[in-house]
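Fold and contact review
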4 protein chains.
Amino acid sequence: MAGNSFGQLFKMTTFGESHGPAIGVIIDGVPPGLSLSEADVQVELDRRRPGQSSITTQRNESDRVEILSGVFEGKTTGAALALLIRNEDQRSKDYSNIKDAFRPGHADYTYFQKFGFRDYRGGGRSSGRETACRVAAGAVAKKILAQHKIHVTAYTLAVGDVHAKNIDLTVIEKNMVRAPDLAQAERMIQKIEEARKDGDSLGGIVEAVVKGCPAGLGDPVFDKLSARLAAGLMSIGTIKGIEIGSGFQISKLRGSEANDLFYSESGQVKIKTNHAGGILGGISNGQDIVLRVAVKPPSSISKLQETVNTAHEKTVIQVKGRHDPCICPRVVPVVEAMIAITLVDCLLIQKSIR
Amino acid sequence: MAGNSFGQLFKMTTFGESHGPAIGVIIDGVPPGLSLSEADVQVELDRRRPGQSSITTQRNESDRVEILSGVFEGKTTGAALALLIRNEDQRSKDYSNIKDAFRPGHADYTYFQKFGFRDYRGGGRSSGRETACRVAAGAVAKKILAQHKIHVTAYTLAVGDVHAKNIDLTVIEKNMVRAPDLAQAERMIQKIEEARKDGDSLGGIVEAVVKGCPAGLGDPVFDKLSARLAAGLMSIGTIKGIEIGSGFQISKLRGSEANDLFYSESGQVKIKTNHAGGILGGISNGQDIVLRVAVKPPSSISKLQETVNTAHEKTVIQVKGRHDPCICPRVVPVVEAMIAITLVDCLLIQKSIR
Amino acid sequence: MAGNSFGQLFKMTTFGESHGPAIGVIIDGVPPGLSLSEADVQVELDRRRPGQSSITTQRNESDRVEILSGVFEGKTTGAALALLIRNEDQRSKDYSNIKDAFRPGHADYTYFQKFGFRDYRGGGRSSGRETACRVAAGAVAKKILAQHKIHVTAYTLAVGDVHAKNIDLTVIEKNMVRAPDLAQAERMIQKIEEARKDGDSLGGIVEAVVKGCPAGLGDPVFDKLSARLAAGLMSIGTIKGIEIGSGFQISKLRGSEANDLFYSESGQVKIKTNHAGGILGGISNGQDIVLRVAVKPPSSISKLQETVNTAHEKTVIQVKGRHDPCICPRVVPVVEAMIAITLVDCLLIQKSIR
Amino acid sequence: MAGNSFGQLFKMTTFGESHGPAIGVIIDGVPPGLSLSEADVQVELDRRRPGQSSITTQRNESDRVEILSGVFEGKTTGAALALLIRNEDQRSKDYSNIKDAFRPGHADYTYFQKFGFRDYRGGGRSSGRETACRVAAGAVAKKILAQHKIHVTAYTLAVGDVHAKNIDLTVIEKNMVRAPDLAQAERMIQKIEEARKDGDSLGGIVEAVVKGCPAGLGDPVFDKLSARLAAGLMSIGTIKGIEIGSGFQISKLRGSEANDLFYSESGQVKIKTNHAGGILGGISNGQDIVLRVAVKPPSSISKLQETVNTAHEKTVIQVKGRHDPCICPRVVPVVEAMIAITLVDCLLIQKSIR
């Protein structure tokens, strides 16, 4: 318990503070015999890495991963897999000015209330830096999914009020904001640059699509695939909403519109629409899983903000440090990771059922 | 595992099919010494009961609860609490015509794929009838929360395109649709009646507010309060989206707008806005918790629908039986229950921390 | 948590007090498609039933089981299986004299300390009556094991200082004490009758053998098969010790004696001795699993005993009611049940691995 | 799952192979505000360290621990605590001769059957080396227990047929074998030296006493303190039996002898005997907790042994490497660690109850 673990049969446990010596993840339940190298993990970490482009934080972390256990002669053994990432660019001094003040939008106040104590170095455990461990575990999960021809792709659907108009999965990694629409990507980047110049930040929407997912994943009642995905995604600090398929729009439909009608084609059961987003009764139906998450604008902004300190006195704060003006492009691999980890867990559970 | 349990220290496990002999719930971890009678549970079950008004299903279930264990001389003992509800009006015959066909929007196809087998009586385990057990457990949770002066209230914010314009918590139980706005409630009810006459159904949005929640609930990383609430609410079969605080709207804000500024008043830390919905970094901040869920239109409609059967042949189906044209009024107590259960669990965990 | 659940993929949750309205068990994770009737469960419950012979308690409980969910048309559906047993012969009055006194050897004092509260009716939740639920769940587990040709057999190896000299599994159910040796069974029964006449009770040792268990069950490190069996068996209230294979005797051996040497026969890896009791490194090795548990003499005796009451005053107690002079014969099916449940769980987990 | 985690609110997850780059442990649920340094952990690791005396393995590992997270300014923060130990003296070459053969008494064969794959370097994950992580976590647990004036002490009660005759806790750390009786310790050491000279090994018994444990720890039914201790201790690879209080001897007693009578002294409820070993109905009764475990002779011996290889061919093996002729002295801190970890978990759970 205490919140640092996720999953049942494929279970990750993470540790590490933003400005401590290292962060890492243990994955229990990795199937034996999977080819796995540090390079397999590194490629995903590089997609989340700070400093990857002009619109991300300039904190300088190479995020080099080291496999500490669970792999022998290039293959997973079935033993716990441990992945370690040393922190390099810690600069704790940057945070001395906020030592006693509660930064608006951050977890400073709530951690202080919860633990009676606070690691003020860059948010400590509450920092988004912990998501690197999710991405590392997600890289392992994606390799397992690939064996089952399941592919998870996320992208920035919107930044502020700029929405992608086309969905072309092939261009996502070709623009800094990871949008599926190059033209709109340009406008999104421009908006982000403007916000940064203002010492401000921007929110957005990330969408994800899972292709190739078989029917039958997820469990009845409380462990529905939808519930697990919601838990995994809502546990990303920056996310304030999740919807599956038509999501909040479905509330405006009638049943005759919202029900996806089944038909049969080449011996496969298919559906004519996908309002359900690939999940019926909490269990995957073999169609594309489609979901969206609401990403809040980063709370760290260089604008002056009013707040209080630990003595409950009024004070003014300016969050220095090197921050992301919009976290969407770096949340994309985190969203993919949480989905991939959830699906692998469900796959293993389903193996035990049929 | 296998999905029928929810919670860590305050943990419920449910069982029962829509048309089997009974449904029920075991709650493990109920604090000892709590006054509890069947009447305490019944009052909440009556809010979810079928047949309670002209806009709900006319299935006739009195939903009488029996306490089987965990209470002695009117008080909980610390032992597992078991609550049983016998099914009375089963009418399995109503479902014979759908025995081999997959109802659109339902879990028929996905359960069949998952288990290679299907209990076709009214959806079996996938039926919304299981939520009665959540409400029963929620009644116990609410009694515990009341001791801490924490109150959870949900209501129908929208039905189709009709939104509540005012939020008056005192009128919720005074209209059939459980809206916080009597004028709009009338319009909602009218819309529902229209849909029913058309053999169709309507979706909506349910909002919930928690008052009196102390700061410090929820855990770091994966067990954030937001993640737990999302898991609990998204596990309700009819829900396709959840957002906390400003939710999807936050994606359009800048950080300087979205950050809730702290100030101090009478020795209390407060916030000027509540975009965060009472949760910062996944932990409650002592303000009102506010969230919304997207409720899909019930899949059971009497309109003719195309589908396929277990032999993958094309067929046409008409879902008979007695169904809800809009499930919002009956989802309201279920939403409250899942929130209450989650909060009690977090309260007990927090007791172990500080 | 709170202790009423056991298992991971095949998970049981039990409830019920000795003198409340009913006891029961929910089993989550029962594989779909298993033929299951109430008679399948009843046959095992009858082996544990009170009043089954002249050397067991004369409490009159028929222990009729009712299947409430999880079975449709005679087969398990994959949904949670719920089994209910109503208490019939409660006679709570028998316990009024011990309402305020702590019975020696019982959990009266510890429950009072734990919960600040006590259900004094026959021990409430701490009564051995809860083991009926384990036996009911064990009946389901045994059916699953039988499909894999795995068979669990337990028997009374010793009562007091009378040990079985031969192990003949075919005679176990042919004598009241469930010993594998008819001649020694007679002596055991005689000893038990003597103890009963003295208003006293007797302890013993129960041994179990699992035949047909495949290699590979159990997990590394903390979830070793040996650790799980130990947890399951030591959770039976009356058991104070467990040993696997040569157990405590192995402490007197040298490695060259204790190591079971491998050899190959008809393409099968076998071992020449079985000091390990079928478990190496916590994982089954394909040989017979052999273990023993120490069973304490029942604490309920009619002899006068000194004790204290809730006011810490000295008092004298005589435990009336109808009790077992030796619990071994009725513990036998409980031991089998806990082993069977543990093995099914491990089988399902192993299915998810390979 | 997959076995690398232990505990509920105070939960450790370990990783690492005997001959991989490192081993380590993450502890979730460490209470915030506890003073903790690497030296606190090191002192316990040094008690388990190889090469500490002439009767332990001469493998040269300094077992230096590094705190990677969860501590800030010398105090625990409530975040996950990660402890890392690099392996130094790996000498994998020593194991090349056993690459294809199954060592008798080891987990080689069972891991191969379980995972279809085997890390043959010194047993990989099945090596006793993993217990260093338990000891590291145990050091943290002991610091927490000390705040509650609870002390756990284990010692070597017997080596082969040499038993301690006196129990003097003050001499345990003053002899290489960690016996509570200096005279018998000499004889034990002599026996161990003899076995080593013969290329053989010796088993023994380790006993543990917990002083200062409050009444009320442990949960009803499946999570009894006795069951948890049994699970934790039986998960140590070398242990084949556990008994609490009078353990297997209780099977020979009558109820009137085995029941510990309560009396009152200075307002405290006490017992006249301690056959129950401090645990009644699975819950601590405030008296000393006393238990014993059976320790098998190390399976690694330099004597020639017959076995089979992965092709099921007969072969002969000589386990080279540097091994312990008797593991009792090094198991003592591991036993203490598992008990301490279990008790802290129960303490935290009890905090949530009352």
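Report on the accompanying structure. These figures come from a predicted structure and were not determined experimentally.

A few points about unusual backbone geometry
For A:Glu73, which is not glycine, the phi torsion reads 50° and is therefore positive. Note on placement: A:Glu73 falls in the loop between β5 (71-72) and β6 (75-76). What makes A:Glu73 exposed here is its relative accessible area of 58%. In this structure, D:Val221 takes a positive phi of about 60° despite not being glycine.

Digging into the interface of chain A and chain B
Across the contact, 106 residues belong to chain A and 106 residues belong to chain B. Summed over both sides, the interface between chain A and chain B buries roughly 8,400 Å², with carbon and sulfur atoms accounting for 63% of that surface. The largest contributions to the chain A side of the interface with chain B come from A:Lys114, A:Phe222 and A:Lys240, which together make up 11% of the buried area. The residue A:Glu306 makes a salt bridge to B:Lys272 at a minimum N-O spacing of 2.9 Å. Linking chain A with chain B are 45 residue pairs in polar contact (both at pLDDT 80 or more), by the criterion used here. Ranked by residues supplied to the side of chain A that touches chain B, first place goes to helix α2 (residues 108-115) of chain A with seven residues. The class makeup of the residues in the side of chain A that touches chain B is 47 nonpolar, 37 polar and 22 charged. The sheet contact formed by strand β11 (residues 239-244) of chain A and strand β11 (residues 239-244) of chain B spans three bridges and is antiparallel. The partner of A:Gly241 across the bridge, within β11(B), is B:Glu243.

Some details on the relation of the copies chain B and chain C
Its rotation angle being 180°, the transformation that places chain B on chain C also includes 0.0 Å of axial translation and leaves an RMSD of 0.0 Å. Both chain copies can therefore be described as sitting about a two-fold axis. Minimal C-alpha separation from the rotation axis in chain B is found for B:Thr13, amounting to 3.8 Å. Taken as a fraction of all interface residues of chain B, those also at the interface in chain C reach 100%, which identifies the copy contact as same-surface.

Considerations on the sheet that holds strand β8 (residues 151-159) of chain D
One open sheet holds the 10 strands; their spatial order is β9(C)-β8(C)-β10(C)-β16(C)-β11(C)-β11(D)-β16(D)-β10(D)-β8(D)-β9(D), and the pairing between them is antiparallel. Each edge of the open sheet is held by one strand with a lone partner, namely β9 (162-163) of chain C together with β9 (162-163) of chain D. With two bridges connecting them, β8(D) and β9(D) associate as antiparallel partners. Along β9(D), the bridge assignment pairs D:Ala158 with D:His163. Lying over the sheet, helix α5 (residues 225-234) of chain D contacts β11 (239-244) of chain C together with β11 (239-244) and β16 (289-295) of chain D, oriented at roughly 160° with respect to β11(D).

Side note on the sheet that holds strand β3 (residues 22-28) of chain C
Residue and element names in this part refer to chain C. Overall, antiparallel pairing links the five strands, which are arranged β1-β2-β3-β7-β4 in an open sheet. Looking at which strands have only one partner, the edges of the open sheet turn out to be β1 (5-6) and β4 (65-69). By the bridge criterion, four bridges tie β4 to strand β7 (residues 81-86) in an arrangement that is antiparallel. Looking at β7, one finds that Ser69 is bridged to Ala82. Relative to β4, helix α1 (residues 38-48) is tilted by about 140°, and along the sheet it contacts β4 and β7.

A look at the interface of chain B and chain C
Across the contact, 43 residues belong to chain B and 43 residues belong to chain C. Across the interface of chain B and chain C, roughly 3,500 Å² is buried in total on both sides, 62% from carbon and sulfur atoms. Here C:Glu66 and B:Arg86 are joined by a salt bridge, their closest N and O atoms 2.9 Å apart. Taken together, the connections running from chain B to chain C amount to 10 residue pairs in polar contact (both at pLDDT 80 or more). Counting only elements with at least two residues in the side of chain B that touches chain C, the list comes to β2 (11-16), β3 (22-28), β4 (65-69), β5 (71-72), β6 (75-76) and β7 (81-86) of chain B. It is β2(B) that provides the largest number of residues to the side of chain B that touches chain C, a total of five residues. Per-class residue counts for the side of chain B that touches chain C are 19 nonpolar, 13 polar and 11 charged.

Rules of the game
- The residue numbers shown here count from 1 along each chain, following its written sequence.
- Chain labels run from A onward and ligand labels from 1 onward, assigned in the order the entries are written.
- Residues qualify for local features only when their pLDDT is at least 70, as the model is predicted, and side-chain atom pairs are given and counted only at 80 or more; totals for whole chains, interfaces and linings, by contrast, use all residues.
- Water and hydrogen atoms play no part in the side-chain values, which are based on all heavy atoms of the structure.
- Helix numbering and strand numbering both begin at the N terminus, where a helix is a DSSP run of H or I of at least 4 residues and a strand a DSSP run of E of at least 2.
- When accessible area is computed with a 1.4 Å probe and restricted to protein chains, residues below 20% of their type maximum are described as buried, those above 50% as exposed, and intermediate ones as partly exposed.
- We call two residues in contact whenever any of their non-hydrogen atoms come within 4.5 Å of each other.
- Using a 1.4 Å probe, buried area is obtained as the accessible area two parts lose upon being combined, added over both of them.
- Any carboxyl oxygen of Asp or Glu within 4 Å of a side-chain nitrogen of Lys or Arg constitutes a salt bridge here.
- Whenever a nitrogen or oxygen atom comes within 3.5 Å of another N or O atom, the pair is scored as a polar contact, on the condition that within protein one atom can donate a hydrogen and the other can accept it, and that pairs from neighbouring residues in sequence are kept only if both atoms are in side chains.
- Residues are grouped as follows: Ala, Val, Leu, Ile, Met, Phe, Trp, Tyr, Cys and Pro are nonpolar; Asp, Glu, Lys and Arg are charged; all remaining types, including Gly, are polar.
- One requirement defines pairing of two strands: DSSP has to find at least two bridges between them.
- Least-squares superposition aligns the copies on the C-alpha atoms of those residues with pLDDT at or above 70 in both.
- Helix axes use the C-alpha atoms of the stretch in contact, all axes being lines fitted to C-alpha atoms, and the angles between their N-to-C directions lie in the range 0 to 180 degrees.

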